[in-house]
Amino acid sequence: MGKLTVGALRAVLVVVLVGTVFVQTMMVWALFTDPEDGSLPLTPLRVIVFLGMASAQVALVCVWRLVAMVRRGTVFSHAAFRYVDAVIGAIVAAAVLWFAVTVLNAPGQREDPGVTLIMGGIGLAILGVALIVLVLRMLLAQAVARDAEAAQMQAELDEVI
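The structure displayed is predicted, hence computed values, not measured ones. (Residues numbered from 1 in each chain as written. Predicted model: local features only at pLDDT ≥ 70, side-chain atom pairs only at ≥ 80, totals over all residues. Heavy atoms only, no water.)

For helix H4 (residues 113-160), with 48 residues, the first-to-last C-alpha span of 71 Å sits near the 70 Å given by 1.5 Å per residue. Within H4, burial applies to Met 119, Gly 120, Gly 123, Ala 130, Val 133, Leu 140 and Val 144. Residues of H4 that are buried in the fold lie against helix H3 (79-105). (Helix = DSSP H or I, 4+ residues; strand = E, 2+ residues; numbered from the N terminus. Expected span 1.5 Å × (residues − 1). Buried < 20%, exposed > 50% of the residue type's maximum accessible area, 1.4 Å probe, protein only. Contact = heavy atoms within 4.5 Å.)

What follows is the structure, given as structure tokens:
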């Protein structure tokens, strides 16, 4: 990865991380200062948003660590699996939280159940992203195995020569 690509990615990660911390701060402030008006259960929604931002932050930090491993050339190691697994877990947690929002919103959508169906579809799409990252994890596992095999073959070749 080039320095420009890494710099741009890290800039995006920092902006998103700062934005999520800001949203979390506002959610905590709203929990204690803004009364519910009764139309929606705001307290559970605020808690879900707070937790959703936390899952996004976990994914952001793990991507940051993976980018650092790519820059050092150590991404094809077993240490990378910890971060990839954490990203998958964060995405699954986000999907579960989205389904919780869907359930909380559903009673208000009795006259228009299409909104609930669309929200459920979005939750499935989020789970789809987790599955894509899982496939990428499997590719990483294959690459790590090939890298280890190549290192072993190189060691054997060095002995012969």
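This next bit is on helix H1 (residues 3-33). An α-helix turns once per 3.6 residues; consequently, residues spaced three or four apart project the same way. Compared with an ideal rise of 1.5 Å per residue, which puts 31 residues at 45 Å, H1 spans 45 Å between its outermost C-alpha atoms and is within 8% of the ideal. For H1, the full list of buried residues reads Val 6, Leu 13, Thr 20, Gln 24, Met 27 and Ala 30. In this fold, the buried residues of H1 make contact with helix H2 (42-72).

As a further point, take the environment of Asp 147. Position of Asp 147 relative to the elements: it lies in helix H4. Linking Asp 147 and Leu 127, residues 20 residues apart in sequence, is a C-alpha distance of 30 Å.

A separate point is the pattern of salt bridges. Counted according to the given criterion, the structure contains one salt bridge. The shortest N-O distance in the salt bridge between Arg 137 and Asp 85 comes to 2.5 Å. Taken together, the positions of Arg 137 in helix H4 and Asp 85 in helix H3 put the pair 52 residues apart, joining distant regions of the chain. When its relative accessible area of 35% is taken as the criterion, Asp 85 is described as partly exposed. (Salt bridge = Lys/Arg side-chain N within 4 Å of Asp/Glu carboxyl O.)

Mean pLDDT for the protein: 90, with 97% of residues reaching 70 or above. Mean pLDDT across the elements of the protein bottoms out in H1 (90) and peaks in H3 (95). (pLDDT = per-residue confidence, 0-100.)

Before going further, it helps to spend a moment on the nonpolar core. Of all hydrophobic cores here, the largest spans 15 residues; its most connected members are Leu 66, Met 69, Ala 80, Val 84, Val 133 and Leu 140. Those elements that provide at least two residues to this core are H2, H3 and H4. It is H3 that contributes the most residues to this core, seven residues altogether. Not counting residues up to four positions away in its chain, the partners in contact with Leu 140 are Val 75, Phe 76, Ala 80, Phe 81 and Val 84. (Core = buried A, V, L, I, M, F, W, Y, C linked by side-chain atoms within 4.5 Å.)

Under the definition given, this model contains zero aromatic pairs. When the ring centre of Trp 64 is taken as origin, the NZ or CZ atom of Arg 10, which lies over that ring, is 4.8 Å away. (Phe/Tyr/Trp six-rings, centres within 6.5 Å; stacked < 30°, edge-to-face > 60°. Lys NZ or Arg CZ within 6 Å of the ring centre and 35° of its normal.)

Before going further, it helps to spend a moment on the packing of H1 against H2. Axis separation between H1 and H2 bottoms out at 9 Å; the angle between their running directions is 160 degrees. Judged by the angle between their axes, H1 and H2 are roughly antiparallel. The two elements H1 and H2 cross, and the hand of that crossing is left-handed. Its residues placed into classes, the contact of H1 with H2 shows 23 nonpolar, four polar and four charged. (Axes fitted to C-alpha atoms, helices over the stretch in contact; angles between N-to-C directions. Parallel < 35°, antiparallel > 145°, perpendicular 65-115°, else oblique. Left-handed = near helix turned anticlockwise from the far one by under 90°. Nonpolar A, V, L, I, M, F, W, Y, C, P; charged D, E, K, R; others polar.)

Moving on, we come to a nonpolar patch on the surface. Taken together, the side chains of Val 28, Leu 31, Phe 32, Val 47, Phe 50 and Leu 51 define a hydrophobic patch exposed on the protein surface, amounting to about 510 Å² of accessible area. Looking at the nonpolar patch, the elements that each hand over two or more residues are H1 and H2. Within the element layout of this structure, Phe 50 appears in helix H2. (Patch = residues over 30% accessible without salt bridge, like charges linked within 9 Å, V, L, I, M, F, W, Y side chains within 5 Å. Areas by Shrake-Rupley, 256 points an atom, 1.4 Å probe, with all protein chains shown as cover.)

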